[in-house]
Amino acid sequence: MNAKQELVNKLQQDILLWQGFKPQGTMTEEMIGLGAIEKAFPNGVFPRKAIHEFITVLPEHSAASDGFIGGLLSVLMKDGAACVWISTARKLFPVSLCTFNVEPDRIIFMDVTLEKDVLWIMEEALKCEGLAAVVAELNELSLIESRRLQLAVEESGVTGFILRKDARKAISTVATARWKISPVPSVTEDGMPGLGFPRWKVELTKVRNGNPGSWILEWGGDRFVEALPTLKTAAWYEHTERQIG
Amino acid sequence: MPKRYVSIWFRQLLADWQLIRRPELSDVPFVFAAPDHGRNIITGVSQVAVSQGIETGMRAADAKALCPGLEVLDDKAGRSAKLLKGLGEWCIRYSPIVMVDDFSVDGLFLDVSGCTHLWGGERKYLKEIVSRLKSKGYTVRVAMADSPGAAWAIARFGKVTPLIAPGAHTESLLSLPPEALRLPEITLTKLRKLGFYQIRSFVGMPRSVLRRRFGEDFLTRLGQALGTADELITPLQLPVLFQERLPCLEPIKTRTGIEMAISRLLEHLCLRLQNEGKGLRTGLLTCYRIDGEVVQVSIGTSGATCSVPHLFKLFQLKIDQIRPALGIELFVLEAPKVDEILPGQEALWAGKPGLDDQSVIQLLDRVAGKMGADVIHRYVPAARYWPERSANRAVSITDKPTTEWHIDRPRPTELLNKPAPIEVMALIPDHPPKFFIYKGIQHSVVKADGPERIEREWWLDVGEHRDYYQVEDELGQRYWLFRSGHYGGEQRYQWFLHGFFA
């Protein structure tokens, strides 16, 4: 039994290796600070050489996704590298990124009018090794286009984030992970009045070679903090599926 | 190298030009006239009219009396200058530095230093110019001397030979009249009154005496003819320092061919730039097609560079704009704008990543080359509280923040360009609203923070101040609301939604 388990583990490692997941030597350096969520990924490491997709239907969701990405960027851009943010109708307020420990002056915004141009810039930017990450606000993304982006990422190692508004077309891409970030009521210390730290329900709806799941996460000022799971039973839960429009 | 200049004098510029266009006028005496102080003054005379005794400067009415069949054509202001500019551009085949004679607008100057041997000597060179212009229909007189002034004088007044040997121009000037010095009429009258009919009679006089009598300009003109004073040469076409040409044996029609041409031109140009410690800022590729059309594409970089692969990529984005039609026979690559390049130290390992990373700058160049530079934005902090003005557009990639980013107050991750008006219900004045309706959906406020009052910058615009509230609804969605103006019965106020928190 023990030998069999070992063999299976060995085979799993081999398969991952063939699929391009290299075993990480120093785990602490590679941690992105997501805590338990990182366990959902293959090898237990947040994949940096990958495309991450965020489904944002409501403006509130895209604000939450922006915040979550901001938190990830603070780790990815720690070495002083720049980031490119491409969009057609940008609403992101650069100043707010300070909240997530990101210097807004290190983000290069590219505002174009056509989705086609967003794709072109994204591919070019993903090939650029001097960048830490590329964020693109995209709606239309076909399988072939996403595969091109994935190839560019694998070559350069730049992390790609795609913010998409249309949830229905979400199936047809090769993104490594698909996220859904929705806001959750914040909690203040000892029930003090006012708002607490931003708190989100982080749903990982698709992970290649990993385990999807759902977590409650809080931005604790300088890093992600896992919130108590008891909050799942709160009143907001019934409203998450509501339709607007 | 000793300087040599050629002066070309178009004796009947306007008449020759008219004859080329209308050959039927060859037997008819005709003149060009332009109105001046209410009279029609003759500005150009044809050869037939000259033989009947008509000169430029006469009145048209007098000339008609002398020669009854005279045809008077209208002259347009600036026509001679325009013609000379065209002829000068044609003459660039003889010398890169061609200048229009702006004293008497009827000739050209060519700086021919080091050019004549290509035509087999100075005599053959002059002969070639005269015969080529003659075959086109222009009668010219030319002269070559060590200074532009001397060449001008010999071309118009010389009687012996148009070719003045190096160093012999002073001698050849001596027997010429003072008109050969390009002097104004008032000085010429003075000279004639004093009996100076030849340059010989005053050239040896002390300079102080001449200056007292005729002024400083006279001495300058004399010096320019003798070659002791400098003459300002303003060439018609400024020679481009960094230019590469690639003539093709066969006309090029394919994309691959154009790419090869560009990469070969870039290799040569970048090598030259590198040797001189320069980097390219703007590049201009001119393609001469066999049907006579010229196609141009240009690129720009945000910093001086002489990297061939990078520049090639920038041109690659523009190849679609080149229409080869029947084929391109000549490619010319110019670098109109170059900058000093700082020699970067070769590093064994990659430097610290950042905004000034070479690959990032190259990416920005490519994006700017394809979509335009106004696509790229970057922000630096501004010392202001008003949310819309709290960040300034960075001018360049090297622009560093001058102040700190404000992090003391919470700011929403998404900010609406224009605050959206909302309907609210607030129980107590100056309290956050109980609920608000945005886009038809009612949100009841569970938690709130505020108010944070932000005053308008009265020196920039007028209007009410804003009281901002951070609110959270029952779903946990966080908004940034504000009330414009004071809460009160008579005063007008309105609630707005300005942003979404993470």
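Residues numbered from 1 in each chain as written. Chains lettered and ligands numbered in written order. Predicted model: local features only at pLDDT ≥ 70, side-chain atom pairs only at ≥ 80, totals over all residues.

Trainee: Explain the overall build of chain A to me, please; I cannot follow it from the model alone.
Mentor: Assigned secondary structure in chain A consists of 5 helices and 9 strands. Taken from N to C terminus, the helices and strands of chain A fall in the order α-α-β-α-β-β-α-β-α-β-β-β-β-β. Taken over 245 residues, chain A has a buried fraction of 44%. The contacts of chain A with a sequence gap of at least 6 include a subset with a gap of at least 24, amounting to 68%. (Helix = DSSP H or I, 4+ residues; strand = E, 2+ residues; numbered from the N terminus. Buried ≥ 20, exposed ≤ 12 C-beta atoms within 10 Å, placed from the backbone. Contact = placed C-beta atoms within 7 Å.)

Trainee: Please explain the confidence of the model for chain A as it appears in this structure.
Mentor: Low pLDDT marks stretches whose predicted atomic positions should not be read closely. Residues of chain A with pLDDT of at least 70 account for 86%, and the chain-wide mean is 82. In this model residues 230-245 of chain A is a low-confidence stretch, pLDDT under 50, and it forms 14 contacts with partners more than four residues away in sequence or in other chains. (pLDDT = per-residue confidence, 0-100.)

Trainee: Help me understand the interface of chain A and chain B in this model?
Mentor: Size of an interface: often given as the accessible area lost when the parts come together. Tallying the contact residues gives 46 residues for chain A and 46 residues for chain B. Mapped onto the side of chain A that touches chain B, the elements with two or more residues apiece are helix 3 (59-76), strand 3 (107-111), helix 4 (115-126) and strand 6 (177-184) of chain A. Counting residues per element, the side of chain A that touches chain B draws most heavily on helix 3 of chain A, which supplies 7 residues. Of the residues belonging to the side of chain A that touches chain B, the class tally is 27 nonpolar, 9 polar and 10 charged. Where strand 3 of chain A lies against strand 12 (residues 376-377) of chain B, 2 bridges are found, and the strand directions are antiparallel. Bridging from a neighbouring strand, Met110(A) pairs with Ile376(B) of strand 12 of chain B. (Nonpolar A, V, L, I, M, F, W, Y, C, P; charged D, E, K, R; others polar. Pairing = 2+ DSSP bridges.)

Trainee: What's the story with the sheet that holds strand 2 (residues 82-87) of chain A in this structure? I'm lost.
Mentor: Strands belonging to one sheet form pairs held by backbone hydrogen bonds; the direction of such a pair is parallel or antiparallel. The 10 strands lie next to each other as 9(A)-8(A)-7(A)-6(A)-1(A)-5(A)-4(A)-2(A)-3(A)-12(B), forming an open sheet whose pairing is mixed. Of all strands in the sheet, those bounded by a partner on one side alone are strand 9 (224-226) of chain A together with strand 12 of chain B. Those strands touched by helix 3 of chain A are strand 1 (51-55), strand 2, strand 4 (131-137), strand 5 (159-164), strand 6, strand 7 (199-207), strand 8 (213-219) and strand 9 of chain A, and its axis lies near 115 degrees from that of strand 6 of chain A. Where helix 5 (residues 143-156) of chain A meets the sheet, its contacts fall on strand 1 and strand 5 of chain A, and the angle it forms with strand 1 of chain A comes to roughly 135 degrees. (Axes fitted to C-alpha atoms, helices over the stretch in contact; angles between N-to-C directions.)

Trainee: What should I look at first to understand the sheet that holds strand 10 (residues 294-305) of chain B in this one?
Mentor: All names here are of chain B. Here 4 strands make up an open sheet; going across it, the order is 8-11-9-10 and the pairing antiparallel. Two strands close off the open sheet at either side, each with one partner strand: strand 8 (243-252) and strand 10. If you compare each strand with its neighbour and ignore which way they point, the axes differ by 15 degrees on average. Where strand 8 meets strand 11 (residues 328-340), 6 bridges bridge the pair, whose relative direction is antiparallel. Pairing of Pro 247 across the sheet is with Leu 330, part of strand 11. Here helix 13 (residues 308-316) sits on the sheet and contacts strand 9 (278-289) and strand 10; the angle it forms with strand 10, its principal contact strand, is near 140 degrees.

Trainee: Please explain the nonpolar core as it appears in this structure.
Mentor: For soluble globular proteins, the rule of thumb is that nonpolar side chains tend to be buried together. The biggest cluster of nonpolar side chains holds 97 residues, and the ones touching the most others in it are Cys83(A), Met122(A), Leu131(A), Ala133(A), Val134(A) and Leu481(B). For this core, the leading source of residues is helix 3 of chain A, giving 8 residues. Setting aside its immediate chain neighbours within four residues, Cys83(A) contacts Leu73(A), Met77(A), Arg106(A), Ile107(A), Leu131(A), Ala132(A), Ala133(A) and Val135(A). Ranked by size, the runner-up nonpolar core spans 57 residues in total, among them Leu19(B), Val45(B), Leu126(B) and Ala150(B). (Core = buried A, V, L, I, M, F, W, Y, C linked by C-beta atoms within 7 Å.)

Trainee: Is there a simple way to think about the pairing of strand 4 of chain A in this case?
Mentor: Remark: a regular strand shows side chains that alternate across the two faces of the sheet. All names here are of chain A. Among the 7 residues in strand 4, 7 count as buried, and that is most of the element. Pairing between strand 2 and strand 4: 5 bridges, direction parallel. Bridge pairing in strand 4 links Ala 82 to Leu 131. As paired strands, strand 4 and strand 5 are joined by 5 bridges and run parallel to one another. Residue pairing for strand 5: Val 134 is matched across the bridge by Gly 160. Chirality of the crossover, the property in question, places the unit of strand 4, helix 5 and strand 5 among those that are right-handed. (Right-handed = clockwise from strand over helix to strand, strands pointing away.)

Trainee: Would you take a moment to explain the environment of Ile32(A) for this structure?
Mentor: Mapped onto the fold, Ile32(A) is located in the loop between helix 2 (27-30) and strand 1. C-alpha of Ile32(A) to C-alpha of Leu72(A): the two residues are 40 residues apart in sequence and 6.9 Å apart in space.

Trainee: Honestly, helix 11 (residues 216-226) of chain B in this entry has me stumped. Any pointers?
Mentor: At 3.6 residues per turn, the α-helix brings residues three or four places apart onto the same side. Residue and element names in this part refer to chain B. Residues of helix 11 that are buried include every one of Phe 218, Arg 221, Leu 222, Gln 224 and Ala 225, and no others. Each buried residue of helix 11 lies within a common arc of 160 degrees when the element is viewed along its axis, so the set occupies one face. Where helix 11 is buried, its residues meet helix 6 (148-157), helix 7 (169-173), helix 8 (185-193) and helix 10 (207-214). Looking one or two places after helix 11, you find Gly 227, whose phi comes out positive at around 85 degrees. (Arc of directions from axis to C-beta.)

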